[in-house]
Every structure is written in C-alpha cells, then in structure tokens.
Amino acid sequence: MKNKIIYLPYCLTVVIAMAGVSLQGTAQIKPGKEIPKIIFDTDMGPDYDDVGAIAVLHALADSGECEILATVASAGHATIAPTIELFNRYFGRPELPIGIPADDAPDYTAKNNWNELILKQYAPDLINRTYPGAVNVYRKVLAAQPDNSVVIVTVGFLSNISDLLASPPDAYSALTGMELVKAKVKQWVAMAGNLPEGKEFNVVEDAQAAYDAVSQWPKPLLISGFEIGSKIFTGGALNEKGDKAGPVAAAYAYNLKTYEDEAKTSRPSWDQTTVLAAVRNPEDYFYVNGPGQFVVDNNGFNTWNPLANKEHYFLTHKYPYAHIEAVIETLMLHVPEK
C-alpha cells in the first residue's frame, strides 16, 4: 500500500495462453536447493495490490519455490486479518497462522469498503473473528525455525517489525526479539520508501515504528521502493481471464471499477514486485544496489546513504516494464487445485 497519486492512463496487453492453469515461466528449483521460508506481513488495504501480492506468494509456494510460515496483518482494521485468511483458504492453506498488530498501529480500510464486501461474498463466517497478536505469531514461528532461515516480507506498515525487535522473552523463546531476529532471520524484504530520497505511505503512516525498525534492524534488508512498483501495471489479464468464481479476480474486478474516481484497466504493483524479489533471485528481474544504508527519520522521510557500512540494498529497474508485468500477471492468474 503506497502513496496516493493520480496516474495517467496506461494500456498493457499481456498474452498468456492458458490463464490460471499453469505457472508458465516458473523458475525450476534444483534438487537440494534451499527454498525461502516466508513470513508475509501485509496491511491488505486500503490499496489492493496486497491481493495481487498474496496471490503471487501462494502461486510461488504452489510451484515449490517457497514455504509460507505465517501471514500477519500490519493494519488494525477489523476486516484486514479476516481478508488475509480468506485468501489463505482460497489457496488451500487455511492453517497458516495469522496475527494482528498492536492497538496503536495504523487502522485503515479502503473508502470503497472492498475488504468488507469480499468477506461478505466469500467468507462471512470470518467477520469479527479474533486473532492473536502479530508479535506472538512472529515469536512462535521464528523460535521453531532453523537459524538464519526465515525471510520476512513486509508490504505494509513497519509496526510489527518495530514491536518484534522490542519484544521480551516469552514462553516461545528465552531470547529477546532482537536476539531472535539475529538468530533466525536471513533477511527482510520491504516495500518501503522512495529512493534515493522521499516519502512513502508505508513509512510515513507509522513513522516512529519505521524509524525504530529500520535503524535497529540487525540483518540484511532489501528495499523495493515506491518507484519500482509504480511503473509496473498489472491486473488487466486477471480481470479478463482470472478465476471468475474466486476472490482474487473478484477483488480486482471490483477495485478496478470503484477504487478511484474513474475505472481503470490495471493497477501499480508495489507489493507484487516485493514478493517476487523476496522469493526468486531479485537480480533476475532488477538491479540490486548496495550495500549502503536505508535511512528513515522520525517524520518518515527516507534517504539512501551509499557510504554507510550496513547490509542494506535497494532495487532499480533493469528490464522494460512489460517484461516484469508479464511475469507478475502469470503468477496472479494461478488458480489453486481444488
């Protein structure tokens, strides 16, 4: 979920021979290769590229390219966690742990109420369901994983990361949150910031949490900034050829019509590019710049310091935008086996 700006009309034709039937162009995993273990942290609104991102993530998991450990909410609105669970159910993973942020986290939903409408249509039983705290989910999941094995992917506010780092020992682990991250996390991949300097929604809306999380983070950090996803427009093929009975295509169909003042044929792909870079080799799609330091101040303004000795990196575009759009559209069209 990102800055709200007005985009000029954009037209893209993506040709996919068998929409949703197979993952065309899926990377082949070599025997014995270690796949990423993902904790996915999303605001699942007020924007709807989060829907595309969770679809991409499940598609990659279905192809054996990653393992999803948990999916947590970074926005506190009551519809956010149930919406995440709805998509986990659709993709055949209803057992995935889901957590909600602390009470002081941002509390957002979209003005067109797409979360509520999609829940009423596909999973009314999830409305008003209660969930554990996101930090509890993080700590329980991390404690059970091998050292240096977990990739955290955030496509929303950084509230949960800040709270995780500050968490004390508990029944799941005798380690503090900082110690647990140092032991168990391999890297953090975040949709955050506007490089090389600027402001971006995920950072600004909980600026103190972003400052705390980024300044204290002890492991490698890869940033997919606003300028990456803002150039990659997807959703058109999904709207035309997607599973008409499923919630992913339904969410895009409704939002393309109603999210902005005028109907659109596609939407920027901030969150999908982040998931793609977290699971597959990001250098297959983007240039990876660094090391350096992603710096956030207390007001949420970010800069890039290329001289700092930190394990921070950021993406820049390598290919014509349509190349990445086609990859993401193919993954978004994936339909789970019933």
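Residues numbered from 1 in each chain as written. Predicted model: local features only at pLDDT ≥ 70, side-chain atom pairs only at ≥ 80, totals over all residues. Heavy atoms only, no water.

S.K.: How would you summarise empty space enclosed by the protein if you had to cite specific residues and measurements?
M.R.: As enumerated under the stated definition, the model contains one cavity of 30 Å³ or more in all. Computed from the structure, the largest cavity encloses a volume of approximately 40 Å³. As for the largest cavity, its lining consists of Tyr-90, Phe-91, Leu-238, Gly-242, Asp-243, Val-248, Ala-249, Met-332, Leu-333, His-334 and Val-335. Its residues assigned to classes, the lining of the largest cavity shows eight nonpolar, two polar and one charged. (1 Å grid on protein atoms, 1.4 Å probe; cavity = no way out; pocket = protein on both sides within 12 Å on 5 of 7 lines; lining within 4 Å. Points joined across faces, edges and corners; volume = space filled by probe spheres on them. Nonpolar A, V, L, I, M, F, W, Y, C, P; charged D, E, K, R; others polar.)

S.K.: Got a sec to walk through the side chain of Ser-230? Specific residues and values, please.
M.R.: Tracing the sequence through the fold places Ser-230 in the loop between helix H9 (226–229) and strand S8 (233–234). Within the structure, the side chain of Ser-230 is placed 3.1 Å from the backbone oxygen of Phe-226, a separation counted as a polar contact. Of note is the side chain of Ser-230, whose polar atom sits 3.5 Å from the backbone oxygen of Glu-227. (Helix = DSSP H or I, 4+ residues; strand = E, 2+ residues; numbered from the N terminus. Polar contact = N/O pair within 3.5 Å; in protein donor to acceptor, adjacent residues only side chain to side chain.)

S.K.: Report on the packing of aromatic side chains, specifying residues and quantitative values.
M.R.: For the structure shown, the criterion picks out nine aromatic pairs. Pairing Tyr-48 with Tyr-259 gives two aromatic rings, centres 5.2 Å apart and planes at 70°, and the pair type is edge-to-face. Here Tyr-48, found in the loop between strand S1 (37–42) and helix H1 (49–62), pairs with Tyr-259, found in the loop between helix H11 (247–258) and strand S9 (267–268); they are 211 residues apart in sequence, far enough to count as distant. Residues Tyr-48 and Tyr-259 agree in their burial class; the two are buried. Ring geometry for Tyr-90 and Phe-91: centres 4.8 Å apart, planes at 75°, overall edge-to-face. For the residue pair Tyr-90 and Phe-91, the accessibility class agrees, reading buried in each case. An aromatic cluster of three or more residues is present, and its members are Tyr-48, Tyr-252 and Tyr-259. Above the ring of Tyr-287, the side-chain terminus of Lys-318 is found at 5.2 Å from the ring centroid. (Phe/Tyr/Trp six-rings, centres within 6.5 Å; stacked < 30°, edge-to-face > 60°. Buried < 20%, exposed > 50% of the residue type's maximum accessible area, 1.4 Å probe, protein only. Lys NZ or Arg CZ within 6 Å of the ring centre and 35° of its normal.)

S.K.: Lay out the pattern of salt bridges with the relevant residues and their values.
M.R.: Within this structure, the stated rule accounts for 10 salt bridges. A salt bridge links Asp-170 to Arg-139; the nearest nitrogen and oxygen atoms lie 2.7 Å apart. Here the residue Asp-170 occupies a position in the loop between helix H5 (159–166) and helix H6 (177–184), and Arg-139 occupies one in helix H4 (residues 134–143), the gap between them amounting to 31 residues. Assessed through its relative accessible area of 1%, Arg-139 is described here as buried. Its salt-bridge partner being Arg-267, residue Glu-260 comes within 3.0 Å of it at the nearest N-O pair. (Salt bridge = Lys/Arg side-chain N within 4 Å of Asp/Glu carboxyl O.)

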